[in-house]
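Coordinate analysis (summary)
Chain residues, written in single-letter form:
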Amino acid sequence: MRGPECVGAPFEAVAAGQPFYEPSLYTVKAVLILDNDGERLYAKYYDETYPTVKEQKAFEKNIFNKTHRTDSEIALLEGLTVVYKSNIDLYFYVIGSSHENELMLMSVLNCLFDSLSQMLRKNVEKRALLENMEGLFLAVDEIVDGGVILESDPLQVVHRVALRGDDVPLTEQTVTQVLQSAKEQIKWSLLR
Amino acid sequence: MRHSCMLLLCWQSDISGAPNTPGLSQYDIYNLVICCSQARIFNETPINPRRCLHILTKIIYLLNQGEHFGTTEATEAFFAMTRLFQSNDQTLRRMCYLTIKEMANISEDVIIVTSSLTKDMTGKEDVYRGPAIRALCRITDTTMLQAIERYMKQAIVDKVPSVSSSALVSSLHMVRMSYDVVKRWVNEAQEAASSDNIMVQYHALGLLYHLRKNDRLAVSKMLNKFTKSGLKSPFAYCMLIRIASRLLEETEGGHDSPLFDFIESCLRNKHEMVVYEAASAIVHMPNCTARELAPAVSVLQLFCSSPKAALRYAAVRTLNKVAMKHPSAVTACNLDLENLITDSNRSIATLAITTLLKTGSESSVDRLMKQISSFVSEISDEFKVVVVQAISALCQKYPRKHSVMMNFLSNMLRDDGGFEYKRAIVDCIISIIEENPESKETGLAHLCEFIEDCEHTVLATKILHLLGREGPRTPSPSKYIRFIFNRVVLESEAVRAAAVSALAKFGAQNDDLLPSVLVLMQRCMMDSDDEVRDRATFYMNVLQQKQKALNAAYIFNGLSVSVPGLEKSLHQYTLEPSEKPFDMKTVPLATTTVSEQKTELAPVASSKLPEKLAPSRQDIYQEQLAAIPEFQGLGPLFKSSEPVQLTEAETEYVVRCIKHTFASHMVFQFDCTNTLNDQLLQKVVVQMEPSEAYEIVQYVPAASLPYSQPGSCYSLVRLPEDDPTAVSCTFSCTMKYLVRDCDPNTGEPDDDGYDDEYVLEDLEVTVADHIQKVLKPNFAAAWEEVGDEFEKEETFALASVRTLEGNTVNSFKKNCLMGIVIAPDWLYTHSVA
């Protein structure tokens, strides 16, 4: 069995007293979605910066406290660059190391937000998201893989996630649902 | 059975659209155990994709919330899930891949899905192939990787971008696990790099670099190729810029190289991401001239007025870094920065102000400080540290402004804040005190106030130490006693001990305070902590003697030995028990590095790793020399010189010498490198002819010196005993060795060789090699301690004392035009008018 998914980035190396950074595809340290109480709806950490759930939650709390009042898109926290965006009752965060190209992180955040916005038909809020968690899981899986940016074009992401629409074929409806709709129809025919 | 029926019921009511209370997620009411028991629905025939999907979603959701999942439950749920591969529902299948990835660490036997995943990976459905590759690579180990190698190669060059990208990224993840296997896919990655898809290009480039990064030539070729052909992907361009700047740094190539031209050309790229990456790369290059910086600074200036906060932030943060080294280069942006100081993003505003503080004139300082104090409470600790660093730099630049700064700092000190932040402020105040004697009293007063309510032991002890050093020499030392003694009453052991030491220093230097200090000491002797009591008893006894020399030796000047050296000596002593007590004199002296470690004002990036005390260069040499049997019994290493080059840079053999000085011997270490790939040198010795009465005791040859592998040989020399003043000497050096020609390709040497020699440049031993900088924290006390009999008044014409250069001039400056240096057996005291 292999170790945790965190194929984490061996970015930091120090030589000759001056830090230099190994060029690498590993860009994203974490992707978070919190609700308006700062509770975790989704969190994916790609390296060992915060190894335990406890440390992660503490970090999320800190991040939320520092960002939820201001709508200012970017911050530096605990030595990490955090780009964020909020919509109604959702807070989206993408986290990278402090020497990472901020615009790259921003492109990940925008891609995530725009993909979800399309998938939820512009209805980006907590309730809609909770009803489409599988869509979120699949979308993040297409955008970032183990810290590497896999895709940054929301159209591509939505296309690849290829969520099935609401038109459920009859065979897949449950007995209750069939009964329910039959009942409704009878009711209407009687009332008429 | 009934239990599961109930669950089923509750489950059905759930999906038939039972109303949820708003704000409460429908997932919250489940926990993993229930979820797993629900996983038995997976076994129903026919499979109901919608219900199964819902359960998988819940399992992943709960795992994501950090719920714990037992191995048996996970394995059971996992086995049930494998059956879902029979369904052809797309979303369901994709969720199965995700579940496999999530469970890879928890459940055993994930390996059993390998064949299903392999089938999907090579199948016709493009929607499945990419995710299947990623899931498969996640659970594969080195042995199984061989089995899927063929498919991976095909997938890398697949024409569907998502398949190719997935294969490339997964390969990158697996490099760490099985480098040798992945290395065989270089050709395929090469082919993928010329793909039309921008992400595939980026991933292929990343993988190629990762596989070749240790081969500088291959990296350079690759860069050459891609910079010429041009790429479409902005991500790939960023990667290329990083690789290029890394290569420039490693080769220390001049800025006229094509790589630099490439980076500069990226400043005109149409993607902001690439332009910023290039500008940032240029700014971070060491030794960049103002002219080279100018184009980068001007694109950053443009970004300052961007509507995107992230871009403004990136620009001003990078400008802030430029301002540290080249304030004048940023002056042109002052107007744009002025506009940013009211930015709604406080991080941007802070960075703009701190940059202006570095580039602006003295007159603007007051205004900027006022502006920043209006919102300092709103910004994060990281940025507060940046502000403090800017203030610290400012105080060095405009010493007259120290009163404004000191005021500001003391206000910041009173606010809430974390350790890093408080430490930065304290360090800043201390550096102001050291540089502006007139600010000393106010500074100390602020620090005294701070330790009255300070939760950080490290800071409290640091300040107490400072008070002990500076306090006794102020006009009214008595007012500090109260603050110090309060610590003894109120604080933890470490702080109490530090307070006792500080008190002792007051007692030792101020005769009129001595009686009161003794009374306080008496009280400290009843402390509950051993260390505090021991210190108090010790100082009490020393102070009662009322002897200057004792005070100096035991109170003012602490240990002057190197800490790692002391640790090693003590360890050695415990390994070899002997009757003799441990002798402090066998420990090498500490070299003065403490005062010179002015940390660079790099903003933030607070590393989470604890800083490890690195052994000094000298400690490393000490250890290396001790390992050579010929050099045992020389005593502690007194000093190691900087390397001296004995050859020109581009010659057949490169030799440099490090001079190690011991009490009555010197060891010359010759680091030789053979730069001829058709020669193997053996029995290499550097023969030395002294000009003075130095005696060559022994040569330790380097056994063999193959191409480009450095080796060391040594010469041991005894210092002349009868004439202690004969400290300088010139040695003429010749390197002698046995040459064996060898095949440059295989490195196979011929059987027989011939003797040869190579004349090196002369080596000088000078007074500086016998002089060591030592830490004397309290110079005045050390001066008194030396006493009158050694005092000499002499006038040095500094220009002629060439051999002292570097060694002492620095310390002269540091210690207010006076320096003290000690040689092994005799003492030099210099005073410079």
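Residues numbered from 1 in each chain as written. Chains lettered and ligands numbered in written order. Predicted model: local features only at pLDDT ≥ 70, side-chain atom pairs only at ≥ 80, totals over all residues. Heavy atoms only, no water.

The name an unreviewed UniProt entry assigns to chain B is Coatomer subunit gamma, from the organism Paramormyrops kingsleyae. Taken verbatim from the UniProt record of chain B, the Subunit (unreviewed entry) comment is "Oligomeric complex." The record in UniProt for chain B states the following under Sequence similarities (unreviewed entry): "Belongs to the COPG family." (UniProt positions renumbered as here; feature names shortened; annotations may be inferred.)

In the nomenclature of an unreviewed UniProt entry, chain A is known as Coatomer subunit zeta of Paramormyrops kingsleyae. Within the UniProt record for chain A, the comment given under Sequence similarities (unreviewed entry) is "Belongs to the adaptor complexes small subunit family." Under the heading Subunit (unreviewed entry), UniProt records this for chain A: "Oligomeric complex that consists of at least the alpha, beta, beta', gamma, delta, epsilon and zeta subunits."

1. Examining the overall build of chain A
Of the regular secondary structure elements, chain A holds six helices and nine strands. Out of the 192 residues in chain A, the part that is buried amounts to 55%. Summarising the internal contacts of chain A: among those between residues at least 6 apart in sequence, 52% fall at separations of at least 24. Carbon and sulfur atoms make up 52% of the accessible area of chain A, which amounts to about 8700 Å² in all. (Helix = DSSP H or I, 4+ residues; strand = E, 2+ residues; numbered from the N terminus. Buried < 20%, exposed > 50% of the residue type's maximum accessible area, 1.4 Å probe, protein only. Contact = heavy atoms within 4.5 Å. Areas by Shrake-Rupley, 256 points an atom, 1.4 Å probe, with all protein chains shown as cover.)

2. Examining the overall build of chain B
Along the backbone of chain B there are 36 helices and 14 strands. Relative to its full complement of 833 residues, chain B shows a buried share of 52%. Put simply, of all contacts in chain B between residues at least 6 apart along the chain, 65% involve residues at least 24 apart. Total accessible area computed for chain B in this model is approximately 40000 Å², and 52% of it derives from carbon and sulfur atoms.

3. Topic: the interface of chain A and chain B
Taken together, the contact pairs 70 residues of chain A with 82 residues of chain B. Here chain A meets chain B over a buried area of about 6700 Å², counting both sides, of which 54% is carbon and sulfur. Where chain A touches chain B, the interface holds ten salt bridges. A salt bridge links Glu 142 of chain A to Arg 94 of chain B; the shortest N-O distance between them is 2.8 Å. Inspection of the chain A/chain B interface yields 22 residue pairs in polar contact (both at pLDDT 80 or more). (Buried area = accessible area lost by both parts, 1.4 Å probe. Salt bridge = Lys/Arg side-chain N within 4 Å of Asp/Glu carboxyl O. Polar contact = N/O pair within 3.5 Å; in protein donor to acceptor, adjacent residues only side chain to side chain.)

4. Some points on empty space enclosed by the protein
Evaluation of the coordinates by the stated rule reveals eleven cavities of 30 Å³ or more. As a volume, the largest cavity reaches approximately 150 Å³. Around the largest cavity sit 15 residues that line it, and Tyr 42, Lys 44 and Asp 141 of chain A together with Leu 98 and Glu 102 of chain B are the ones nearest its centre. Of all the elements in the fold, those that place two or more residues in the lining of the largest cavity are strand E4 (40-45), helix H4 (133-143) and strand E8 (144-145) of chain A together with helix H3 (49-64) and helix H5 (90-103) of chain B. Grouping the constituent residues of the lining of the largest cavity by class yields seven nonpolar, two polar and six charged. (1 Å grid on protein atoms, 1.4 Å probe; cavity = no way out; pocket = protein on both sides within 12 Å on 5 of 7 lines; lining within 4 Å. Points joined across faces, edges and corners; volume = space filled by probe spheres on them. Nonpolar A, V, L, I, M, F, W, Y, C, P; charged D, E, K, R; others polar.)

5. Focus on the packing of helix H29 (residues 493-509) of chain B against helix H30 (residues 514-524) of chain B
Residues and elements named next belong to chain B. Between H29 and H30, whose axes approach to 9 Å, the crossing angle comes to 155°. Taken together, H29 and H30 sit at an angle that is classed as roughly antiparallel. Relative to H30, the crossing made by H29 is left-handed. From H29, Val 500, Leu 503, Ala 504 and Gly 507 reach across to H30, where they touch Leu 514, Val 517, Leu 520, Met 521 and Cys 524. Across the contact of H29 with H30, the residue classes break down as eight nonpolar, one polar and no charged. (Axes fitted to C-alpha atoms, helices over the stretch in contact; angles between N-to-C directions. Parallel < 35°, antiparallel > 145°, perpendicular 65-115°, else oblique. Left-handed = near helix turned anticlockwise from the far one by under 90°.)

6. Overview of the pattern of salt bridges
Residue and element names in this part refer to chain B. With the rule as written, the count across this model stands at 39 salt bridges over all chains. A salt bridge links Lys 308 to Glu 272; the nearest nitrogen and oxygen atoms lie 2.9 Å apart. With Lys 308 in the loop between helix H17 (290-303) and helix H18 (309-325) and Glu 272 in helix H16 (residues 272-284), the pair connects residues that are 36 residues apart, well separated along the chain. A residue is classified by how much of its surface remains accessible, and Glu 272, at 33% relative accessible area, is partly exposed.

7. Observations concerning the sheet that holds strand E6 (residues 80-87) of chain A
All names here are of chain A. The five strands are arranged E4-E3-E7-E6-E5 in an open sheet whose pairing can be described as antiparallel. Looking at strand neighbours, the two that pair on one side only are E4 and strand E5 (74-77), the edges of this open sheet. Strand-to-strand, the axes of this sheet are offset by a mean angle of 20°, without reference to chain direction. Bridge count for E5 against E6 is four bridges, and the pairing is antiparallel. Bridge pairing in E6 links Ile 74 to Val 83. (Pairing = 2+ DSSP bridges.)

8. Things to note about the environment of Ser 178 of chain B
Residues and elements named next belong to chain B. As for its position among the elements, Ser 178 is in the loop between helix H9 (161-175) and helix H10 (179-183). A C-alpha to C-alpha distance of 6.0 Å links Ser 178 and Thr 142, two positions 36 residues apart in sequence. Ignoring anything within four residues of it in the chain, the contact list for Ser 178 reads Thr 142 and Leu 145.

9. Points about the nonpolar core
Residues and elements named next belong to chain B. The biggest cluster of nonpolar side chains holds 248 residues, and the ones touching the most others in it are Leu 117 and Ile 263. Apart from the residues lying within four places of it in its own chain, the contact partners of Leu 117 are Phe 85, Tyr 97, Ile 100, Ala 132, Ala 135, Leu 136 and Ile 139. Core analysis: the second largest hydrophobic core is formed by 28 residues, Tyr 653, Phe 670, Cys 672 and Cys 729 among them. (Core = buried A, V, L, I, M, F, W, Y, C linked by side-chain atoms within 4.5 Å.)

10. Brief notes about unusual backbone geometry
Residue and element names in this part refer to chain A. Its identity is not glycine, yet Ile 88 carries a phi of approximately 50°, on the positive side. One can find Ile 88 in the loop between E6 and strand E7 (90-97). A positive phi angle, close to 65°, is found at Lys 122, a residue other than glycine. By secondary structure assignment, the location of Lys 122 is in the loop between helix H2 (102-119) and helix H3 (126-131). In this structure Lys 122 comes out as exposed when scored by relative accessible area, which is 72%.

11. Points about the packing of aromatic side chains
Under the defined criterion, the tally for this structure stands at 14 aromatic pairs over all chains. When the ring of Tyr 202 of chain B is compared with that of Phe 235 of chain B, the centres are 5.3 Å apart and the planes differ by 40°; the resulting orientation is tilted. Of this pair, Tyr 202 of chain B sits in helix H12 (residues 198-212) while Phe 235 of chain B sits in helix H14 (residues 234-251), placing them 33 residues apart in sequence. One Lys or Arg, Lys 85 of chain A, reaches over the ring of Phe 113 of chain A and ends 5.0 Å from the middle of that ring. (Phe/Tyr/Trp six-rings, centres within 6.5 Å; stacked < 30°, edge-to-face > 60°. Lys NZ or Arg CZ within 6 Å of the ring centre and 35° of its normal.)

12. Comments concerning a negative patch on the surface
On the surface, a cluster of negative charge is contributed by Asp 678, Asp 741, Asp 743, Glu 748, Asp 750, Asp 751 and Asp 752 of chain B. Within the secondary structure, Glu 748 of chain B is located in the loop between strand E9 (729-741) and strand E10 (754-759). (Patch = residues over 30% accessible without salt bridge, like charges linked within 9 Å, V, L, I, M, F, W, Y side chains within 5 Å. Lys, Arg positive; Asp, Glu negative; His and termini not counted. Charge placed at Lys NZ, Arg CZ, Asp CG, Glu CD.)

13. Observations concerning the side chain of Ser 715 of chain B
Residues and elements named next belong to chain B. Its place among the elements puts Ser 715 in strand E8 (residues 711-718). You can call Ser 715 buried: its relative accessible area is 0%. A polar contact of 3.4 Å, which involves the side chain of Ser 715, links it to the backbone oxygen of Val 686. Setting aside chain neighbours within four positions, we find Ser 715 in contact with Met 666, Val 667, Phe 668, Phe 670, Val 686, Met 688, Gln 698 and Tyr 699.

14. Some thoughts on the confidence of the model for chain B
Should pLDDT be low for a region, the predicted coordinates there are not to be read in detail. Residue and element names in this part refer to chain B. The predicted model of chain B averages 77 in pLDDT, with 82% of residues at 70 or higher. Predicted confidence is poor over residues 1-25, with pLDDT under 50, and the contacts of this stretch with residues over four places away or in other chains come to 28 contacts. In this model residues 592-613 is a low-confidence stretch, pLDDT under 50, and it forms 30 contacts with partners more than four residues away in sequence or in other chains. Across the assembled chains, the prediction reports ipTM 0.80 with pTM 0.64. (pLDDT = per-residue confidence, 0-100.)

15. Some details on the pairing of E7 of chain A
All names here are of chain A. For E7, the tally of buried residues reaches eight of eight residues, placing the bulk of the element in the interior. Pairing of strand E3 (residues 30-35) with E7, which is carried by six bridges, proceeds in the antiparallel orientation. Its bridge partner lying in E7, Leu 32 is registered against Tyr 93. Examined bridge by bridge, E6 and E7 share eight bridges and lie antiparallel to one another. If you follow Val 83 over to E7, its bridge partner there is Val 94. In this antiparallel pair of consecutive strands, E6 and E7, the connection spans two residues, and Ile 88 shows a positive phi of 50°.

16. Let's talk about the environment of Gly 38 of chain A
All names here are of chain A. Mapped onto the elements, Gly 38 comes out in the loop between E3 and E4. Of the residues examined, Gly 38 reaches a relative accessible area of 16% and is grouped as buried. A sequence separation of 53 residues divides Gly 38 from Tyr 91, and the C-alpha atoms of the two residues are 8.3 Å apart.

17. Structural notes on helix H11 (residues 186-193) of chain B
Residues and elements named next belong to chain B. Looking at H11, one finds that the buried residues are Val 186, Glu 188, Ala 189, Ala 192 and Ala 193. For H11, the arc enclosing every buried residue in end-on projection is 160°, short of the 170-degree limit, so these residues lie on one face. Facing away from the buried side of H11, by more than 90 degrees, are the exposed residues Asn 187 and Glu 191. Next to the buried residues of H11 lie helix H8 (142-156), H9, H10, H12 and helix H13 (216-229). (Arc of directions from axis to C-beta.)

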